[in-house]
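Inside the fold
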Amino acid sequence: MSDSTGRTVEGGERGADPTRSALIMIDMINTYDHEDAEFLVPSVEKILPVLTELLGRAREADVPVIYVNDNFGLWRSHQGELLEAALSQPNAHLIEPIRPDDQSLFVVKARHSAFFETPLSYLLSSLNVGHVALTGQVTEQCVLYSALDAHIRHLEVTVPKDAVASIHPHLADAALEMMERNMGARILSAKEIDFAPRTP
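Here the structure is a predicted model, which means the values were calculated and not measured. (Residues numbered from 1 in each chain as written. Predicted model: local features only at pLDDT ≥ 70, side-chain atom pairs only at ≥ 80, totals over all residues. Heavy atoms only, no water.)

This part covers the overall build of the protein. When helices and strands are counted, the protein shows 5 helices and 7 strands. Along the protein, helices (α) and strands (β) appear in the sequence β-α-β-α-β-α-β-α-β-β-α-β when read from the amino end. Residues classed as buried in the protein amount to 51% of the 200 residues present. With the model as given, the accessible surface of the protein reaches about 9,800 Å², and the carbon-plus-sulfur share is 50%. (Helix = DSSP H or I, 4+ residues; strand = E, 2+ residues; numbered from the N terminus. Buried < 20%, exposed > 50% of the residue type's maximum accessible area, 1.4 Å probe, protein only. Areas by Shrake-Rupley, 256 points an atom, 1.4 Å probe, with all protein chains shown as cover.)

Structure below.
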C-alpha cells in the first residue's frame with residue numbers, strides 16, 4: 001500500500017499488522033425512523049443475508065467485530081439501550097440477525113466517519129489490526145468517509161460491495177469507485193473476503 005506521496009506504508013498506525021483484520025459494522029443498529037429510511041430499508045434488506053454470513057465467518061475466525069454506531073443524539077444511552085430501541089421498532093428484523101454478541105466491541109460515533117473523535121483508531125492499534133473490512137450503511141456517506149479516514153491512518157481497507165447499503169445507488173457506485181481509486185481500497189464481493197492471515 002502507498003500513501004499520497006507514493007511512499008510504501010504497511011500496517012496502519014503504530015506498526016499494526018496488515019495481515020490482522022477487523023470487521024467494522026457501521027450504523028447497523030438503526031431505528032430506521034429517519035429521513036430517507038424508505039430508500040435505505042430495501043437496500044439493507046438486500047445486503048442482510050450477505051452481511052449475516054460474513055459476520056458469521058468473522059466470528060468463527062476469531063476476527064474482532066466492531067460495531068461503530070450513531071447514538072442518534074441520545075448522549076445518555078449506551079450500547080444496550082441503543083440496541084433495545086432499535087429492536088423495538090417495526091424494522092427489528094434488520095437488526096436481529098446481526099446483533100452484537102458477547103464478544104463484539106462497540107464504539108459510539110456522532111458524525112459520519114467511524115474515526116471522527118472516537119476511540120476506534122486507538123482500539124484497532126491495541127488489537128494490532130492493520131486491515132479493516134468496512135460494512136454497513138450508508139455507502140455514499142458513512143462508509144465513504146470512514147474509508148477515507150482509515151486510509152489516511154495507513155490502514156488497509158476492504159469494502160465488500162454486497163455488504164454495504166445505500167440510499168442513492170448511483171452515488172453509491174461513485175463512492176465505491178472513489179474508495180478504490182483515491183483510497184486504495186479493495187472493492188470485493190463478501191465471499192471473496194478471506195479472514196485468514198494475508199501476505200503483506
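Leu23, Met25 and Tyr32 are the most contacted members of the largest nonpolar core, which totals 32 residues. Of all the secondary-structure elements, those providing two or more residues to this core are strand E1 (17–26), helix H1 (37–60), strand E2 (65–70) and helix H2 (79–87). Of all the elements, H1 adds the most residues to this core, at 10 residues. If we skip the residues at most four places from it in the chain, methionine 25 touches Leu51, Leu55, Val65, Ile66, Tyr67, Val68, Ile98 and Thr135. Val143, Ala147, Val159 and Leu176 belong to the second-largest nonpolar core, a separate cluster that totals 29 residues. (Core = buried A, V, L, I, M, F, W, Y, C linked by side-chain atoms within 4.5 Å. Contact = heavy atoms within 4.5 Å.)

Here we take up the confidence of the model for the protein. For the protein, mean pLDDT is 88; residues scoring 70 or higher make up 87% of the total. This model gives residues 1–11 a pLDDT under 50, and the stretch forms 20 contacts once residues within four places in sequence are excluded. (pLDDT = per-residue confidence, 0-100.)

For the rest of this paragraph, the subject is the pattern of salt bridges. According to the stated counting rule, one finds 7 salt bridges in the structure shown. In this structure, the salt-bridge partner of glutamate 96 is arginine 99, at a minimum N-O distance of 3.2 Å. Aspartate 149 is the salt-bridge partner of arginine 153, the closest N and O atoms lying 3.9 Å from each other. The exposure class of arginine 153 is buried, given its relative accessible area of 19%. (Salt bridge = Lys/Arg side-chain N within 4 Å of Asp/Glu carboxyl O.)

With that settled, consider the pairing of strand E5 (residues 156–160). The element E5 is extensively covered by neighbouring structure, given that 5 of its 5 residues are classed as buried. Burial along E5 is two-sided: Glu156, Thr158 and Pro160 and Val157 and Val159, pointing in opposite directions, are all buried. Where strand E4 (residues 129–137) lies against E5, 3 bridges are found, and the strand directions are parallel. Bridge pairing in E5 places histidine 131 opposite glutamate 156. In this fold, the crossover linking E4 to E5 by way of helix H4 (residues 139–152) has right-handed handedness. Bridging between E5 and strand E7 (residues 186–188) involves 3 bridges; their strand directions are parallel. Across the sheet, the residue bridging to proline 160 is leucine 188, located in E7. (Pairing = 2+ DSSP bridges. Right-handed = clockwise from strand over helix to strand, strands pointing away.)

Turning next to H1. The first and last C-alpha atoms of H1 sit 32 Å apart over 24 residues, in line with the 34 Å expected at 1.5 Å per residue. In the structure, H1 departs most strongly from a straight axis at leucine 48, where the bend amounts to approximately 45° and where the proline proline 49 lies between one and four residues downstream. All of the buried residues in H1 are Ala37, Leu40, Val41, Ser43, Val44, Ile47, Leu48, Leu51, Leu54, Leu55 and Ala58. Buried residues along H1 sit in contact with E1, E2, E4, E5 and strand E6 (164–165). At the C-terminal side of H1, aspartate 62 shows a positive phi close to 60°. (Expected span 1.5 Å × (residues − 1). Bend = angle between axes of the 7 residues up to and from the residue.)

On to the packing of H4 against helix H5 (residues 169–183), then. The interhelical angle for the contact between H4 and H5, taken along N-to-C directions, is 5°, at an axis separation of 9 Å. Considering the angle they form, H4 stands roughly parallel to H5. Along its contact with H4, which presents Thr139, Glu140, Val143, Leu144, Ala147, Leu148 and His151, the element H5 presents Leu171, Ala172, Ala175, Leu176, Met178, Met179, Asn182 and Met183. Considering only residue class, the contact of H4 with H5 consists of 11 nonpolar, 3 polar and 1 charged. (Axes fitted to C-alpha atoms, helices over the stretch in contact; angles between N-to-C directions. Parallel < 35°, antiparallel > 145°, perpendicular 65-115°, else oblique. Nonpolar A, V, L, I, M, F, W, Y, C, P; charged D, E, K, R; others polar.)

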